[in-house]
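Summary of the model geometry
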Amino acid sequence: MIEAVVFDMDGVLLQSEEVWDEVREHYVRERGGRYDAEVQRAMMGMSSTEWSRYLHEVARVPDTPEEINAEVVRRMLAAYKEHLPLLRGAIDAVRRVAAQFPLGLASSSNRELIDVALEQAGLAPYFAATVSSEEVASGKPAPDVYLEAARRLGIDPQRCAAIEDSHGGIRSAKAAGMRVVAIPNPSYPPDDDALAQADVVLGSLSELTAESAAGSS
């Protein structure tokens, strides 16, 4: 029996992976580091603590992880204020599900970016609990961010459904014991092994309803 629904943000509500990719690539190249497909894919799902350290240690950006994180977030905020890349149907999907379930959000984005994006989209009032993976021990695919979202909602993780798009996110929610609804992002699709772990796969946000989230007809 599902009692709450927890959304991912990047790739589910926002078409933001391209923004992250562009911002980090420009920054890394400016600072003389390495940026390629391997680096980009490795960072998907990482917490800010993890990817900023990765850019310093693996991509050879000379700035400290703290400086890397601060500058990337500054550029992301500027990009969001210029244009928030909401996915088509995101607002309606959140409203549909929120009409029947309390909502949480479990995101790899920084706290500041989560708050700005939800406020700018007018979605903040619909979420009873939001968690950034920078607030837990490990980012996705570890289950920490989903477990913390369930804790803040006051609901057993096994009574929560997660809405995810990525390989790391699907694995994270599944490891937390949640029902997983996958809506693959066409730009950065999850791998087949991760997708096979989802309880249901939808084609788009327009197909997401309280019933499809809960697995009821």
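Model, not experiment: these values are computed from the prediction.

Section: the packing of aromatic side chains
Enumeration according to the criterion identifies 2 aromatic pairs in this entry. Aromatic pair phenylalanine 7 and phenylalanine 127: ring centres 6.0 Å apart, planes at 85°, arrangement edge-to-face. With phenylalanine 7 in strand E1 (residues 4-7) and phenylalanine 127 in strand E3 (residues 127-132), the pair connects residues that are 120 residues apart, well separated along the chain. Pair check on accessibility: phenylalanine 7 and phenylalanine 127 agree, each one buried. Ring geometry for tryptophan 20 versus tryptophan 51: centroids 5.7 Å apart, planes at 70°, classification edge-to-face. Residue tryptophan 20 is found in helix H1 (residues 17-30), and its partner tryptophan 51 is found in helix H3 (residues 48-57); the two are separated by 31 residues along the sequence. Taking NZ or CZ as reference, arginine 24 lies 5.0 Å from the ring centre of tryptophan 51, over its face.

Let's talk about empty space enclosed by the protein
Going through the model one piece at a time under the given rule, you end up with 1 cavity of 30 Å³ or more. Looking at the largest cavity, it is lined by 16 residues, and the ones nearest its centre are Asp10, Glu17, Met44, Gly45 and Ser108. Broken down by element, the residue count for the lining of the largest cavity peaks at 3 residues, all from H1.

Quick word on the environment of glycine 32
Relative to the elements of secondary structure, glycine 32 occurs in the loop between H1 and helix H2 (37-43). Separated by 17 residues in the primary sequence, glycine 32 and glutamine 15 have C-alpha atoms spaced 27 Å apart.

Comments concerning the sheet that holds strand E5 (residues 179-182)
Strands sit in the order E3-E2-E1-E4-E5-E6 across an open sheet of 6 strands; the sheet is parallel. Edge positions in the open sheet fall to E3 and strand E6 (200-201), since each of these has one partner strand only. Relative to E6, E5 is paired through 2 bridges, and the arrangement is parallel. By the bridge assignment, valine 181 is partnered in E6 with valine 200. Where helix H7 (residues 144-153) meets the sheet, its contacts fall on E1, strand E2 (103-107), E3 and strand E4 (160-164), and the angle it forms with E3 comes to roughly 150°.

What counts and what doesn't
Residues numbered from 1 in each chain as written. Predicted model: local features only at pLDDT ≥ 70, side-chain atom pairs only at ≥ 80, totals over all residues. Heavy atoms only, no water. Phe/Tyr/Trp six-rings, centres within 6.5 Å; stacked < 30°, edge-to-face > 60°. Helix = DSSP H or I, 4+ residues; strand = E, 2+ residues; numbered from the N terminus. Buried < 20%, exposed > 50% of the residue type's maximum accessible area, 1.4 Å probe, protein only. Lys NZ or Arg CZ within 6 Å of the ring centre and 35° of its normal. 1 Å grid on protein atoms, 1.4 Å probe; cavity = no way out; pocket = protein on both sides within 12 Å on 5 of 7 lines; lining within 4 Å. Points joined across faces, edges and corners; volume = space filled by probe spheres on them. Pairing = 2+ DSSP bridges. Contact = heavy atoms within 4.5 Å. Axes fitted to C-alpha atoms, helices over the stretch in contact; angles between N-to-C directions.

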